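# Geometric and topological summary
The primary structure of each chain is shown beneath.
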Amino acid sequence: MRPASLRFGSFTAGLAALAFLSPATEANGGDPKPHEKPPSPVHCVYLALDPANGLLNAHGVKSVQSLVVPASGTNVSYCQVNILYGTSDEQNINIRVGLPLNDVDGGSGGVQGAWNGRTQGIGGGGCAGSLNVSPPVDAGYVGSGNDTGHVGGNCEPGVNPDGTYNLQFINDFIRNGIKQQVLFSKSVAKTYYAAKPAYNYWNGCSTGGRQGYLLAQELGGELDGILANAPAIYWTRFQTAQMWGQIVMKDLVGGPIPAAKLNQATASAIAACDAADGVADGIIDDPRTCTFSAKANVCGEPTAPATNCLMTAEAEAIDKIWDGPRNARGNKIWFGLDRGTSLPALNGTNPFFLGVTQFHWNEHDLNFDWRTVTVDGYAQVAQDGSRNIADVTDTFDDLDTFRRKGGKLLTFVGMNDQLIMPRGVVNYYREMASRYGRRDKPDFKGLQNFYRLFRGPGVGHCAGGVGPQPQNLFGALVDWVENGVAPERILAQNTAGGVVTRTRPLCPYPQTAIYNGAGSTDDAANFRCGGNLEKRSVVCADVLSKYKHEVNGHPDYSGTGVNPWACEVRRWHPYDDDDDDRGH
């Protein structure tokens, strides 16, 4: 990846002028004070040795190390700063800042040394952080990462052996580590280059995507652009739902359904719903509209496949996995895995480990056995999680400050994400469209002024799947932030053997890619963005039971932008399924 300063050459001169305003110059309306010498770049090693550089003996800094890392392979040489941060004995967050060499350390080619004038924080995955800052540094950015206060991907220590919550562990993982990472990266860059960063970015997927949303919600004035893909927001609720299929299979079938049968059910669903968008390409454009039942695959049925047909109980279980968990009233607690999504990742021989951990968090009991939970008992575990810990973990606050400060948030989510439920991301997007609309009606056009969601049909978690894969998402974000060019479409492509075999546009939600009716369906040029996926049948089906009242809760329409009258009264008129119900 080329440094953005080279990709956006017309901007470089302005960036340099902005980046090199010293603190003394800024404070004096642009003229340096005559008795003050403008700050100068410092050698990397002195960042950790000289208290005047702001790290040694600073509040919360338990130890600091700075060194020049030599070039290795394709990675450039850079200044690495390692900080151990903590304001108590229990808090120990490792933060790493990687800085392209400044001119006194031999860097060249950027606006200052090898630096392009920007920072880029990187996110983690699962229950782990990341200290690998090489990718952004190689592209000319100041890169930063943190370990979220613990080594490895085990989140079981979030509950103490005595059943109390280890809130230090949880908060360091959820918010403290990434906040300090961003703040230190900006301050260290300013000292090392004697210049403030002109632009500050975040780049993450999955947990890194959730972290991006947390930063937009709780540190809204610190970042100019956030790329937050497949964001694992609603952490407690979606991870609890990761266990739904295991419980269903246990109760209805007696154990896991063989992967070959699960995969055949997925293939049959794709075959049944593929052409609904007018193009037969092996991809369901909007899985939310697919109503295929796994009962069509029951052995002996005329529609059953030649191999890997299902027993009746297996078909019932798969239908429940697709539908998602419901309470005794029949109201939806959370979203299921949509048809077309690979099922074995969460519904294999063994449950996904983060889901098991989440049950321990929900019940604040390390010995809680998920196998004791029945389909009817699931709602209680979900409600326990919502009431006990979700307010700390779930990342569902507003974007008011981020919006007011001019930040830009770009998100991609695969519509066949096998680990998170992509409807949760769409649900949050709809709620923000309602928040920033009028009279609780969603205004997607207005929301897109600062926040855009792109969905990838057929794409899995962060990447993978049969759908075309998105290209240059971070470059699109930079162009939006720095040049005001909002992404109207994202190019996606499939490749085989290094050869591009299919291209498609990805469109800002609620639009989708529509075939023009002529030319190859493997060429993005023959598609346009249009339509409105916010159909009443879709949005009404996605209204959830009231938060913290999962056991007996009714559908909660507040803040969703969904018209309860349209859902509760007009649902009996399926022919009346137009866009007017959505208040566009």
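By convention here, each chain's residues receive numbers from 1 onward along its written sequence. A pLDDT threshold of at least 70 governs which residues receive local features in this predicted model, and a stricter bar of 80 or more applies before side-chain atom pairs are shown or counted, although totals over entire chains, interfaces and linings include all residues. Water and hydrogen atoms were dropped before computing side-chain values, which therefore reflect all heavy atoms in the structure.

### Describing the confidence of the model for the chain
Per-residue confidence from the prediction method is given by pLDDT, with values spanning 0 to 100. Per-residue confidence for the chain gives a mean pLDDT of 92; residues scoring 70 or more make up 91%. For this analysis, residues touch if any pair of their heavy atoms sits within 4.5 Å. Low pLDDT (under 50) marks residues 1-32, which in the prediction has 50 contacts with non-local residues, meaning those over four places away or in another chain. Overall, residues 571-584 carries pLDDT values under 50, and its contacts beyond four positions in sequence, including any with other chains, amount to 30 contacts.

### What about the packing of aromatic side chains?
Note on ring pairs: Phe, Tyr and Trp rings are taken, using the six-membered ring of Trp, and paired if centres are within 6.5 Å. Classes follow the plane angle, with under 30 degrees stacked, over 60 edge-to-face and the rest tilted. In total, this model carries 26 aromatic pairs according to the counting rule given. With centroids separated by 6.4 Å and ring planes inclined at 55°, the aromatic side chains of tyrosine 428 and tyrosine 451 adopt a geometry described as tilted. Of this pair, tyrosine 428 sits in helix H17 (residues 422-435) while tyrosine 451 sits in strand E9 (residues 451-456), and the two are 23 residues apart along the sequence. For tyrosine 428, a relative accessible area of 0% puts it in the buried group. Each residue's exposure class comes from its accessible area (1.4 Å probe, protein chains only) as a fraction of the maximum for that residue type: buried when under 20%, exposed when over 50%, partly exposed otherwise. Classification of tyrosine 451 as buried rests on a relative accessible area of 0%. The way it works is that DSSP assigns letters per residue, a run of H or I at least four long becomes a helix, a run of E at least two long becomes a strand, and they are numbered from the N terminus.

### Some details on the sheet that holds strand E4 (residues 118-122)
Strand pairing is assigned whenever DSSP identifies at least 2 bridges connecting the two strands. Reading across from one edge, E1-E2-E3-E5-E4-E6-E7-E8-E9 is the order of the nine strands in this open sheet, with mixed pairing throughout. Of all strands in the sheet, those bounded by a partner on one side alone are strand E1 (61-69) and E9. Averaged over all neighbouring strand pairs, the angle between strand axes comes to 15°, with direction disregarded. Of the strand pairs in this sheet, strand E2 (residues 78-85) and strand E3 (residues 93-100) are connected by eight bridges, and their pairing is antiparallel. Residue pairing across strands places glutamine 80 opposite glycine 98, the latter belonging to E3. Seen against the sheet, helix H6 (residues 167-193) touches E1, E2, E3, E4, strand E5 (142-146) and strand E6 (199-205) and runs at an angle of roughly 35° to E3. Axis definition: a line fit to C-alpha positions, over the contact stretch in the case of helices; interaxial angles, taken between N-to-C directions, run 0 to 180 degrees.

### Overview of the pattern of salt bridges
Think of a salt bridge as a Lys or Arg side-chain nitrogen and an Asp or Glu carboxyl oxygen that are within 4 Å of each other. Tallied over the full model, the rule gives 20 salt bridges. One salt bridge in this structure joins aspartate 251 and lysine 250, with 2.7 Å as the shortest N-O distance. A relative accessible area of 35% means that aspartate 251 is categorised as partly exposed. Where arginine 423 meets aspartate 338, a salt bridge forms, and the shortest distance between an N and an O atom there is 2.7 Å. Residue arginine 423 is found in helix H17, and its partner aspartate 338 is found in the loop between helix H11 (312-323) and helix H12 (344-347); the two are separated by 85 residues along the sequence. The same class applies to arginine 423 as to aspartate 338, namely buried. Within this structure, Lys332, Asp338, Arg423 and Asp542 form a network of salt bridges that share partners.

### A look at H17
In a helix, the anticipated span is given by 1.5 Å times the number of residues less one. For H17, built from 14 residues, the straight-helix expectation of 20 Å at 1.5 Å per residue is met to within 8% by its first-to-last C-alpha distance of 20 Å. The buried fraction of H17 amounts to 12 of the 14 residues, a majority that puts the element mostly inside the structure. Those residues of H17 that are buried are in contact with helix H7 (207-218), strand E8 (408-414), helix H18 (444-447), E9 and helix H20 (536-541).

### A few points about unusual backbone geometry
Among all residues except glycine, the phi angle is most often negative; among peptide bonds, the trans geometry is most common. Look at the link from tyrosine 509 to proline 510: it is a cis peptide, with omega at 15°. For proline 510, the location among the structural elements is in the loop between strand E12 (499-506) and strand E13 (512-515). A positive phi is found at histidine 364, a non-glycine position, where the angle reads about 35°. Within the secondary structure layout, histidine 364 lies in the loop between helix H13 (353-362) and helix H14 (378-388). With a phi close to 75°, lysine 548 is a non-glycine residue in the positive phi region. By the secondary structure assignment, lysine 548 is in the loop between H20 and helix H21 (564-568).

### Digging into the nonpolar core
Membership of the largest hydrophobic core comes to 91 residues, with the highest contact counts inside it found for Ile318, Leu399 and Tyr451. In contact with tyrosine 451, not counting residues within four places along its chain, are Tyr213, Leu399, Leu409, Thr411, Tyr428, Tyr429, Met432 and Trp480. Counting residues in each nonpolar core, the second largest holds 24 residues, with Val61, Tyr85, Ile95 and Tyr192 among its members. Throughout, nonpolar core names a set of buried Ala, Val, Leu, Ile, Met, Phe, Trp, Tyr and Cys residues whose side chains join them through atoms within 4.5 Å.

### Here we look at the state of the cysteines
The term disulfide is used for any two cysteine sulfur atoms that are within 2.5 Å. Tallied over the full model, the rule gives seven disulfides. Between cysteine 205 and cysteine 462 runs a disulfide, and the two sulfur atoms are separated by 2.0 Å. With the S-S bond torsion at -115°, the cross-link from cysteine 205 to cysteine 462 turns out left-handed. Remark: cysteine 462 occurs in the loop between E9 and strand E10 (469-470) and cysteine 205 occurs in strand E6; sequence separation between them is 257 residues.

### Describing the environment of isoleucine 420
If you trace the backbone, isoleucine 420 turns up in the loop between E8 and H17. In this structure isoleucine 420 comes out as buried when scored by relative accessible area, which is 3%. In contact with isoleucine 420, not counting residues within four places along its chain, are Ala230, Pro231, Ala232, Phe238, Leu337, Val413, Val425 and His461.

### Quick look at the sheet that holds E10
Spatially, three strands are ordered E10-E11-E12 in an open sheet, and the strand pairing comes out antiparallel. In this open sheet, the two edge strands, each paired with only one partner strand, are E10 and E12.

### Details of the environment of serine 386
By the element assignment, serine 386 lies in helix H14. Of the residues examined, serine 386 reaches a relative accessible area of 1% and is grouped as buried. With 84 residues separating them along the chain, serine 386 and proline 470 place their C-alpha atoms 34 Å apart. Excluding residues within four positions of it along the chain, serine 386 makes contact with Thr236, Arg237, Asp391, Tyr547, Lys548 and Glu550. Counted as a polar contact is a pair of N or O atoms within 3.5 Å, where, for protein atoms, one must be capable of donating a hydrogen and the other of accepting one, and residues adjacent in sequence contribute only when both atoms are in side chains. A polar contact of 2.7 Å, which involves the side chain of serine 386, links it to the side chain of glutamate 550.

### Overview of the side chain of aspartate 285
With respect to the secondary-structure elements, aspartate 285 resides in the loop between helix H10 (259-273) and H11. Here aspartate 285 occupies a buried position and makes no salt bridge, while the nearest side chain of opposite charge, arginine 455, is found at 4.1 Å. A polar contact is formed between the side chain of aspartate 285 and the side chain of threonine 512, at a distance of 2.9 Å. If we skip the residues at most four places from it in the chain, aspartate 285 touches Asp277, Arg455, Pro457, Thr512 and Leu533. Counted charges follow a simple rule, with Lys and Arg positive, Asp and Glu negative, and His plus the chain ends left uncounted.

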